[in-house]
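Examination of the molecular architecture
Here is what each chain is made of, one letter per residue.
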Amino acid sequence: MSLLVIDWSVVGIKAGQFILSFSILVILHELGHFLPARWFKCRVEKFFLFFNPWFSLWKKKIGETEYGIGWVPFGGYVKIAGMIDESMDKEQMKKPPEPYEFRAKPAWQRLIIMLGGVTVNILLAIVIFVGIMYTWGEKYIPAQNLKYGVYVDSLGKKIGMQDGDKIVAVAGKPVEKIGTVGSLIILNQATNITIERNGKDTILNVPPGFIEQLNKNKLGGFTYVRIPLIVDTVLLGTQINSDAAIHKGDRVIAINQIPVSYNNQAFDVLKDLKNKNSIQYTLIQNNTDTIQATVVNNTNPKIKSGIGFQTPDEVLGTVQIKYSFLQAIPVGIEKCYSTLINYISNLKLLFTSKEVKVNDSLGSVISIGGIFPGVWDWQSFWTLTAIFSIILAFMNVLPIPALDGGHALFTLVEMITGRKPGDKFMEYAQMVGMILLLSLMAYALGLDFLRIFSH
């Protein structure tokens, strides 16, 4: 029986980022319906963030519209008079159409209203990506900088990889950036990878079942950056017993007399010492001198202590690309496009790949919230918000009843044939679509609960 340990501070930070991101996406998506509806003089009866079955957390009527916040964070909605939607207001539909109702408007106006949310989500993603490129640019570790190679887990060892190997190509395509190998293998359904070992290139076959296991891997990969353990900072609350001071740039070569050359070896040693009050480090200083230092853990939880080590970025070096505002525009648009293409490619794998399973890929709001980092990082926040905006746009444009794409499809058919679908047909289509969507959400939620309690 395993004990589930939860760091509630991390959960709170993740939840806060998710709620803010999701609120931005939902409000702007619904605003994409609300504004054209008002432009075309439709009456908008409700504008809600999140769903509000039985009760609302907050609501206020301004003019003809009731604004509110629901308590079920699965989306939001605007209720436009004279439209068959999730409210299933059949009584209104029994009456003759009023000039202010959605159903009384020309088909082209109804189409614009229905596609307004998707349009806003696409524009939002472009604006965010442009903003990210202008503010932070692009930063990554080139694959050629991986001079110490990688260390591998049990999954990596299954295909014959060893600590120190460097992956130089996936399915014959050169790897350009660190951290992209796993997704490249899955997206390309790769049957082989090329590694460099001891200065020679070797092709390793990707066996059946590997991609399925990779897709399930909670750490998101099978290889991890290997670097020496180099001191970055010594926190002020740290007590050090040593003949010489520890300086930035000192390299750890042993922990408690156990030799370590790289971070993965240090992780294994430190894992067994996590409850020890003191740890002895052997370090190389100025590339020549060897010093012994005993680091005593501070027992006061309010005082931070310990040694901070350099990150892979600092040890290996990065490429940093800065963009002017005008340069950021085409780059941001390209990022938006490539994100959409990658998402569609991943969806296609659910139907075409024997190893990418729905149960491993599908998740609810719990999985989505878990993607956000455990510390508040604005670059990560806006990047994920842009990605989710693209996904929301694509999912909503699918021709499924109850989604914007379903309503748009029926409107396009009407514009082509000149025949408007009957209200009864629209009611049944909406009902079928809602059942499908609610069933899918319930299934995804169930999968997330299974993942949580199976670990």
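It should be noted that the structure appears before, not after, this text.
Every chain's residues receive numbers from 1 upward, in the order its sequence appears when written. Local features in a predicted model are, by the rule used here, given only for residues with pLDDT of at least 70; side-chain atom pairs are given and counted only at 80 or more, and totals for whole chains, interfaces and linings are based on all residues. Processing note: side-chain calculations cover all non-hydrogen atoms of the structure and skip hydrogens and water entirely.

Looking at the overall build of the protein
Strands here are runs of E lasting at least two residues and helices are runs of H or I lasting at least four, both read from the DSSP assignment and numbered beginning at the N terminus. Regarding its fold elements, the protein presents 14 helices and 19 strands. Across its three principal directions, the C-alpha atoms of the protein cover 90 × 55 × 50 Å. A buried classification covers 39% of the 455 residues belonging to the protein. Where accessible areas are quoted, they stem from the Shrake-Rupley method and a 1.4 Å probe; at the residue level, only the protein chains shown are allowed to cover. Of the accessible surface of the protein, which amounts to about 25300 Å², a share of 61% is contributed by carbon and sulfur atoms. Relative accessible area decides the class of each residue, using a 1.4 Å probe on protein chains only: under 20% of the type maximum gives buried, over 50% gives exposed, and in between gives partly exposed.

Thoughts on the packing of aromatic side chains
Stacked, edge-to-face and tilted are the three classes for Phe, Tyr and Trp ring pairs, Trp counted by its six-membered ring, which pair at centre distances within 6.5 Å; planes under 30 degrees apart are stacked, over 60 edge-to-face, the rest tilted. For the structure shown, the criterion picks out 23 aromatic pairs. Residues tyrosine 134 and phenylalanine 325 carry aromatic rings whose centres are separated by 5.8 Å and whose planes lie at 90 degrees to one another, so their mutual orientation is edge-to-face. With tyrosine 134 in helix α3 (residues 107–135) and phenylalanine 325 in helix α9 (residues 325–352), the pair connects residues that are 191 residues apart, well separated along the chain. Through pairs of rings, three or more aromatic residues link up here, namely Phe372, Trp376, Trp378, Phe381, Trp382 and Phe388. The ring of tyrosine 100 has arginine 43 lying over it, and the distance from NZ or CZ to the ring centre is 3.7 Å. A ring is scored as having a charge over it whenever the NZ atom of a lysine or the CZ atom of an arginine sits within 6 Å of its centre and within 35 degrees of its normal. The ring of tyrosine 140 has lysine 177 sitting right over it, with the charged end atom 4.7 Å from the ring centre.

Re the sheet that holds strand β2 (residues 58–62)
Taken in spatial order, the 4 strands line up as β2-β3-β1-β4 in an open sheet, and their pairing is mixed. Edge positions in the sheet fall to β2 and β4 (72–80), since each has one partner strand and no second. Ignoring which end each strand starts from, the neighbouring axes of this sheet average 10 degrees apart. Relative to strand β3 (residues 65–69), β2 runs antiparallel, the two sharing 5 bridges. The residue of β3 that forms the bridge with tryptophan 58 is isoleucine 69. Strand pairing is defined by DSSP finding a minimum of two bridges between the two strands. Each axis is a line fitted through C-alpha atoms, taken for helices only over the stretch in contact, and angles between the N-to-C directions span 0 to 180 degrees.

A look at the environment of asparagine 346
Along the chain, asparagine 346 falls in helix α9. By relative accessible area, which is 35% here, asparagine 346 ends up partly exposed. Residues asparagine 346 and lysine 105 lie 241 residues apart in sequence; the distance between their C-alpha atoms is 38 Å.

Describing the side chain of aspartate 165
Tracing the backbone through its elements, the reader meets aspartate 165 in the loop between α4 (154–158) and β7 (166–170). Residue contacts for aspartate 165: discarding those within four places in its chain leaves Gly149, Val150, Gly160, Ile195, Glu196 and Arg197. In what follows, a contact means two residues having at least one pair of non-hydrogen atoms within 4.5 Å.

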